[in-house]
Amino acid sequence: MQPVEHPHLTGSKFRTFGPFGPPYQIGEALRQLDNGDWLFEIILIESGERAEYRLSSIVDDPEAV
């Protein structure tokens, strides 16, 4: 995997897990992984739960409407 440059996504972007998944808000960048990807905190809108999610997965998820 090619290194992924850290983009500035924090706090304002909302996405969904695939076309029918629950919406989430992108939180803070947590750390860069050994393979060059980044790990971000995400907040699930419906439950308020916080989780960690890879940037390479975030960019594949559609924006929430």
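See the structure above.
Bear in mind the structure is a predicted one, so any value in this text is a computation, not a measurement. (Residues numbered from 1 in each chain as written. Predicted model: local features only at pLDDT ≥ 70, side-chain atom pairs only at ≥ 80, totals over all residues. Heavy atoms only, no water.)

Notes on the sheet that holds strand E3 (residues 38–44)
- Read across the open sheet, the four strands follow the order E1-E2-E3-E4; overall the sheet is antiparallel. Single-partner strands in this sheet number two, and they are strand E1 (14–16) and strand E4 (50–54). Averaged over neighbouring strand pairs, the angle between their axes works out to 50° when direction is ignored. (Pairing = 2+ DSSP bridges. Helix = DSSP H or I, 4+ residues; strand = E, 2+ residues; numbered from the N terminus. Axes fitted to C-alpha atoms, helices over the stretch in contact; angles between N-to-C directions.)

A closer look at the environment of Pro62
- Note on placement: Pro62 falls in the segment after helix H1 (55–58).
- Residues Pro62 and Gly18, spaced 44 residues apart in sequence, show a C-alpha to C-alpha distance of 6.4 Å.
- Those residues within four positions of Pro62 in sequence are excluded, and the remaining contacts are Arg15, Thr16, Gly18 and Pro19. (Contact = heavy atoms within 4.5 Å.)

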